[in-house]
Amino acid sequence: MNAIEYLDNIKKYGSIPGLDSISRLLEKLGNPQEKLRIIHIAGTNGKGSILAMLESVLRRSGYCTGRYHSPVLFDVREAFQVNEQWISSQKLQLHVDKVKKVADDIVRQGFPHPTSFEVETAIAFSYFLEEQVDVVLLETGMGGRLDATNIIKKPLVEVLASISMDHMQFLGNTIEEITNEKAGIIKENTDVVLYPSREEIYRIVRGISDERHAHLTMADRSAVRILSQDLLNQSFSYRSRSGHYYEKITIPLLGDHQIYNAITAIEVLEKLKKYFCMGIFEMEEGLRNARWPGRLEMIARRPYIIRDGAHNEDAARQLAGFLEKNFTNKKIFYIIGVLQDKEYEKILEIMSPFSNDVYTVASTSPRALPADVLAECAKKRYQNVTAADSVKQAVVKAKEKAGKEDLILIFGSLSFMKEIEEMREDGTLSADRNA
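I will try to describe carefully the structure that is included in this document. These figures come from a predicted structure and were not determined experimentally.

A look at the nonpolar core
And then number 1: Counting 41 residues, the largest nonpolar core has Ile39, Leu54, Phe236, Tyr238, Ile266, Leu272 and Phe276 as the members making the most contacts within it.
And then number 2: When residues of this core are traced back to their parent elements, those giving at least two are strand E1 (38–42), helix H3 (47–60), strand E5 (135–139), strand E6 (157–160), strand E10 (234–239), strand E11 (245–251), helix H9 (256–272) and helix H10 (280–288).
And then number 3: Take this core: its biggest share by element is nine residues, from H9.
And then number 4: Not counting residues up to four positions away in its chain, the partners in contact with leucine 272 are Ile39, Leu156, Val157 and Met278.
And then number 5: By size, the runner-up hydrophobic cluster in this structure holds 37 residues, among which are Ala3, Val99, Ala103 and Phe117.

Structure (structure tokens):
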């Protein structure tokens with residue numbers, strides 16, 4: 001069976017938290033994960049940004065990296081990367097066939113078929129071992145404690161990115177419950193790095209770390225001094241917990257939260273120096289060149305067009321803070337698309353002070369909220385609301401109204417980012433007559 005067809009077909013097995021199934025699958029594959037050096041990353045927001053920063057530095061230090069992350073924006077091959085290059089169709093087919101054979105054996109023995117995420121996780125480990133990568137950057141799918149990626153026994157470092165409310169139907173209805181699930185990736189006698197967090201989150205992570213004799217470091221928000229910020233990049237200085245002073249770090253990722261992601265990455269890199277040779281030049285260059293599509297990403301100008309994957313309450317607050325700093329005197333047009341299981345009413349409320357012009361859209365995801373349903377909800381808070389047939393239609397309509405210094409902000413689900421790339425190719429996003 002074609003690899004893509006197979007991976008799409010097994011989505012019918014749903015999402016089942018737990019490690020029994022992935023354990024059976026990987027054991028029959030020879031436990032490839034135990035032969036890899038792994039950095040394990042969990043959290044609600046910022047996992048991918050921190051991953052991208054770490055990978056950029058490691059690559060510039062001369063190391064071969066494997067990256068496994070979700071969700072993907074464009075193609076399933078994107079989930080499996082070596083040195084930031086997607087797996088080839090041929091190699092994907094090879095590893096799918098290998099894992100499929102084992103999964104079929106498991107079913108014949110009377111066990112449930114592994115879920116699609118479990119199969120993809122096994123493919124990632126198999127592929128990275130074959131490619132002999134120096135280090136794997138491994139992102140949890142959801143949660144941590146019962147996530148399939150948590151089958152690994154002793155990562156080099158566990159990283160906990162920003163933790164907030166999301167996936168409550170699986171992880172719990174309080175920040176304490178969700179933190180417990182995320183911090184479930186912490187193993188005995190390991191290094192743990194935590195994003196600058198509220199006291200209740202720190203307290204829980206501290207407690208779990210102490211129980212497991214793990215060494216916890218929380219990035220220090222108070223040790224940051226912002227030097228400059230604009231719509232191209234931002235610079236800051238930082239004194240790490242070990243006392244090392246970083247005089248000027250520049251990152252292309254926008255928003256205050258990305259500075260805090262960056263200092264989290266710096267603390268991780270300091271832990272990794274016991275395994276890898278990295279100098280200050282490689283760190284500075286790696287952070288300066290880190291890229292992570294779909295996160296406060298400027299994709300056009302005149303008018304400005306920015307896309308962002310803000311799909312939960314905390315991410316919406318970060319996005320609102322960015323608008324307040326940079327676009328309070330500009331007219332802003334929203335293009336919003338969300339999934340049905342997200343807290344879209346809260347997102348609409350948080351974003352309401354900055355715009356009255358909203359275009360709602362729906363992605364091709366089966367979980368997408370219909371554009372007309374989202375439009376009706378938006379009408380409670382916004383004056384001008386239009387349900388569009390597509391992101392492209394919404395962009396065209398917004399550009400007709402926007403001046404060259406105005407902003408069109410596309411946000412919500414990452415699932416329609418592929419459509420945005422198609423608009424880049426066909427010229428829809430290029431400057432119009434207002435330029």
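So, the pairing of E5
And then number 1: Counting buried residues along E5, five of its five residues qualify, which places the element largely inside the surrounding structure.
And then number 2: Both E1 and E5 contribute to a ladder of four bridges, which runs parallel. In the sheet register, isoleucine 41 faces E5, and the bridge partner there is glutamate 139.
And then number 3: As paired elements, strand E2 (residues 65–68) and E5 share four bridges and run parallel to each other. For arginine 67, the partnering residue across the bridge sits in E5 and is leucine 137.

A word on the packing of helix H11 (residues 313–326) against helix H12 (residues 344–351)
When two helices pack together, their arrangement is captured by the angle between the axes and the distance separating the axes.
And then number 1: At a minimum axis distance of 9 Å, the contact between H11 and H12 shows a crossing angle of 15 degrees. Relative to H12, H11 is oriented roughly parallel. Helix-helix and strand crossings are classified by hand; for H11 and H12 the assignment is right-handed. Two secondary-structure elements touch here, H11 through Glu313, Ala316, Arg317, Leu319, Ala320 and Leu323 and H12 through Lys346, Ile347, Ile350 and Met351.

Focus: the side chain of aspartate 357
And then number 1: Tracing the backbone through its elements, the reader meets aspartate 357 in strand E15 (residues 357–360).
And then number 2: Residue aspartate 357 is classed as buried on the basis of its relative accessible area of 7%.
And then number 3: Side-chain polar atoms of aspartate 357 contact the side chain of asparagine 384, separated by 3.1 Å.
And then number 4: Not counting residues up to four positions away in its chain, the partners in contact with aspartate 357 are Lys331, Ile332, Phe333, Tyr334 and Asn384.

Topic: the environment of glutamate 345
And then number 1: Looking at the element boundaries, glutamate 345 is found in helix H12.
And then number 2: On the accessibility criterion, glutamate 345 (44% relative accessible area) is partly exposed.
And then number 3: Put simply, glutamate 345 and arginine 225 are 120 residues apart on the chain and 35 Å apart in space, counted from C-alpha to C-alpha.
And then number 4: In contact with glutamate 345, other than residues within four places in its own chain, are Cys377, Lys380 and Arg381.

Regarding the pairing of strand E17 (residues 407–412)
And then number 1: Among the six residues of E17, six are classified as buried, and the element is accordingly described as predominantly covered.
And then number 2: Every second residue of E17 is oriented toward a common face, with Leu407, Leu409 and Phe411 on one face and Ile408, Ile410 and Gly412 on the other, all of them buried.
And then number 3: The pairing of strand E14 (residues 332–337) with E17 spans six bridges and is classified as parallel. Of the residues in E17, the one forming a bridge with isoleucine 332 is leucine 407.

What counts, and at which threshold
- Residues numbered from 1 in each chain as written.
- Predicted model: local features only at pLDDT ≥ 70, side-chain atom pairs only at ≥ 80, totals over all residues.
- Heavy atoms only, no water.
- Core = buried A, V, L, I, M, F, W, Y, C linked by side-chain atoms within 4.5 Å.
- Buried < 20%, exposed > 50% of the residue type's maximum accessible area, 1.4 Å probe, protein only.
- Helix = DSSP H or I, 4+ residues; strand = E, 2+ residues; numbered from the N terminus.
- Contact = heavy atoms within 4.5 Å.
- Pairing = 2+ DSSP bridges.
- Axes fitted to C-alpha atoms, helices over the stretch in contact; angles between N-to-C directions.
- Parallel < 35°, antiparallel > 145°, perpendicular 65-115°, else oblique.
- Left-handed = near helix turned anticlockwise from the far one by under 90°.
- Polar contact = N/O pair within 3.5 Å; in protein donor to acceptor, adjacent residues only side chain to side chain.

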